[in-house]
Each structure stands twice: as C-alpha cells, then as structure tokens.
Amino acid sequence: MRERLPVGLFALIGKQGAGKTSGATAMMCNDWKYHHLERYNEDKEFYKELNKNGFDLNLPKNKTIYFSPEKIVLSQKPYVETWYIDPTKFKLPNLKEEVQYVPRGSVVFLPEFDNIINCRTWASMSPYLVALAKYARHWELTIIIDFQVWMQLDISWRRLMMYTLFMYDSFWYDRFWWLNKLFHIPLKRYWNYVWCDNQLNLFVKDLADMVVDDNLIKKLKKKVSKDKKYVFKGNIFDRFESKSGQRYFLRGIKKYEYIPHKSSKMTPEGVEEYCKEHPLVRDEK
C-alpha cells in the first residue's frame, strides 16, 4: 500500500462486484497519502525550468495532481478531492481536437472504461487516444482504467498496456475485529488479484517462436504473473460513490406504471390475445 503507483497504462479487470473501482480508488488514496508531495515536488522543479523558457504554467495550490471523471475523496483530513477530467478530451495534445491538459506525473483514473468504448466506436476514435497510451511514460503519467471484458479493449491499447490486474475478490477482514468494533476503528479492505506484466508476456511469446533456451523462457514465464493482495485501512466506500449509475434509471422519469397481468382463457380469442402480447417475431409496425 506504500508503493508508488507505476508509470504507464494499466487496467483493472474483473466481474461485476469484484471490487475494480473500489480497488482503484484505494490505490489513488494510498498513493496520495504517501507520494503526492513527492510527485508535486518533482513537478515543481520541472515546471520551474520550463517556465524559464517562455512558458507560464501553474500547479494546483493543494499540491494534488490526481484526476477522475467522478469525485474521489483522496483524504478526509485534510479534505482533498481529485480534479475532474473529461474522458472524451483526455488524449495526446494536438491541434485538431479539444484536449484537456494534465500536469506531468499526474495520476488519471478512468472508471467503467467499457462505457467510453461503447459510446465511441474504435473505428471513429481519435488516433490521439491510442497515441496517449503510447507516450504516457514520456510524460510520467499513471493511467488506470477498469472494465469487465478484456477482449473488448482495442488490440492497439492491449499491446501498449503495461500491467493488467485481474481482480477476483474483495472483502473486509481484520484479525482483531473485536478491538476495532470496541474502539470504532474501521476494518481493513482487501482485494485479491492476479498481476500480469503484459509487455513481458508478449516478449516471452516472441521468444518461444525463436531458438531460445527453454529454461530461460520458463524463468521469464514465472515473472509474467503473480497472485497478489492489496489492502486499504478504513472504509473505502466513504471515498467515492459506488452506485453513481443509479441516476441513469431516473432520467426523464415522471412516475412508475404498475401494469397488472392479463389472464387469457384457453379459447380461440384468448390464444390470439396471448400471442399478441408475447410475440415470437417482432412486429414491424
């Protein structure tokens, strides 16, 4: 939990409810707790030199360079939130499209990346979005995305992905839970996941097609993936809105309609009425 998030693009994948978004939020909060000043001071020196060359770029007063489309409370005391980012404008800066700029060394979290893909097909997607994944390391960016279906992500992004975390479980646990309950100390939240080094995995596949020592390939294969555990102290669900999508179900609503079922008799008329209400073929009208 004290380890600084790596530079590059990595994804959290798993079934619904496995803890992808909460896990990414925990990583953001832990990284802010232990490394936000480190990130800020690195940027401060970088932009100090950059501004000598004619730029006039500023850094946030709260020394926080963390971004997400929906609010994440990085710290409760002092109270610190992520900055808002529009996923449709987050791409490699260019002169053709509207872009939202982020400082060097920023941490950007894009939850429910499936929605971004479904709303904008890969064929019409900006080439600068793919270029962003390619050059993220040049700007010291940490980009975290989460989604459910690995193959739904375009192959150009999958090949540029640094790491993939397959989350399969999350739970509350503390050995001394009774002391926590007595003194009102929050339990710890754990996430179980399989960590994969994507680029190393592709490299091993290429080696397998060459005349290479099998022992070397076996040695590298052991480094491709590991079973890991991540922990967050406190209630991570106080830091973000885990069910923000409930707003979609209220869009445009005026009132609910409660329609009783119709009982159909086993008569020619009743059969016809039933078939109309439960058609096997869509009515073109």
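A brief structural summary.

Each value, and the rule that gives it
- Note on numbering: residues in each chain are counted from 1, in written sequence order.
- With pLDDT at 70 or above as the cut-off, local features in this predicted model cover only qualifying residues; side-chain atom pairs require 80 or more to be listed or tallied, and sums for whole chains, interfaces and linings still use all residues.
- To obtain the side-chain values, all non-hydrogen atoms of the structure were used and water was disregarded.
- A run of H or I in DSSP becomes a helix once it reaches four residues, and a run of E becomes a strand once it reaches two; helices and strands are each numbered from the N terminus.
- The rule is simple: take the accessible area with a 1.4 Å probe, protein chains only, and divide by the maximum for that residue type; under 20% is buried, over 50% is exposed, in between is partly exposed.
- Here, residues are in contact when the closest pair of their heavy atoms is within 4.5 Å.
- In this description, accessible areas are obtained by the Shrake-Rupley approach with a 1.4 Å probe, and a residue is regarded as covered only by the protein chains that are shown.
- Each reported salt bridge corresponds to a side-chain nitrogen of Lys or Arg within 4 Å of a carboxyl oxygen of Asp or Glu.
- Note on definitions: the grid is 1 Å and covers protein atoms alone; a cavity is a set of points where a 1.4 Å probe fits but cannot get out; a pocket is an open set with protein on both sides within 12 Å along at least five of seven lines; lining residues have an atom within 4 Å of a point.
- Grid points are joined across faces, edges and corners, and a volume is the space filled by probe spheres set on the points.
- In this classification, Asp, Glu, Lys and Arg are treated as charged, Ala, Val, Leu, Ile, Met, Phe, Trp, Tyr, Cys and Pro as nonpolar, and every other residue, Gly included, as polar.
- Nonpolar side chains (Val, Leu, Ile, Met, Phe, Trp, Tyr) within 5 Å and like charges within 9 Å form the patches, drawn only from residues with over 30% relative accessible area and no salt bridge.
- His is not counted here, nor are the chain ends, while Lys and Arg score as positive and Asp and Glu score as negative.
- By convention, charge coordinates are those of NZ in Lys, CZ in Arg, CG in Asp, or CD in Glu.

1. Notes on the overall build of the protein
Within the protein, the regular secondary structure consists of 8 helices and 10 strands. Taking all 285 residues of the protein together, the buried fraction comes to 41%. The contacts of the protein with a sequence gap of at least 6 include a subset with a gap of at least 24, amounting to 73%. Only carbon and sulfur atoms are counted for the fraction: they give 55% of the accessible area of the protein, which is about 19300 Å².

2. Looking at the environment of Phe-147
Tracing the backbone shows Phe-147 in strand β7 (residues 142-147). The class of Phe-147 is buried, set by a relative accessible area of 1%.

3. Considerations on the pattern of salt bridges
In the structure shown here, the tally under the stated rule is 10 salt bridges. For Asp-31, the salt bridge goes to Arg-39, with nearest N and O atoms at 2.8 Å. We note that Asp-31, like Arg-39, is buried. Where Glu-97 meets Lys-91, a salt bridge forms, and the shortest distance between an N and an O atom there is 2.8 Å. For Lys-91, a relative accessible area of 8% gives the class buried.

4. Overview of the layout of surface pockets
Estimates place the volume of the second largest pocket at around 560 Å³. In terms of lining, the second largest pocket is formed by 24 residues, of which the most central are Tyr-47, Tyr-101, Val-102, Pro-103 and Trp-139. Of all the elements in the fold, those that place two or more residues in the lining of the second largest pocket are α1 (20-51) and α3 (127-135). For the lining of the second largest pocket, the class distribution of residues is 19 nonpolar, 4 polar and 1 charged.

5. Quick look at a positive patch on the surface
On the surface, a cluster of positive charge is made up of Lys-219, Lys-223, Lys-226 and Lys-228. Listing elements by their share of the positive patch, those giving two or more residues are α7 (214-224) and β10 (225-233). Turning to its location among the elements, Lys-228 is positioned in strand β10. Judged by relative accessible area, which is 34%, Lys-228 ranks as partly exposed.

6. Details of empty space enclosed by the protein
The final tally for this structure, using the stated rule, is 1 cavity of 30 Å³ or more. What the largest cavity holds in volume is close to 40 Å³. Contributing to the lining of the largest cavity are Arg-4, Arg-39, Glu-42, Asp-43, Ile-65, Arg-104, Gly-105 and Glu-140. The class makeup of the residues in the lining of the largest cavity is 1 nonpolar, 1 polar and 6 charged.

The values are spatial; any link to function lies outside them.
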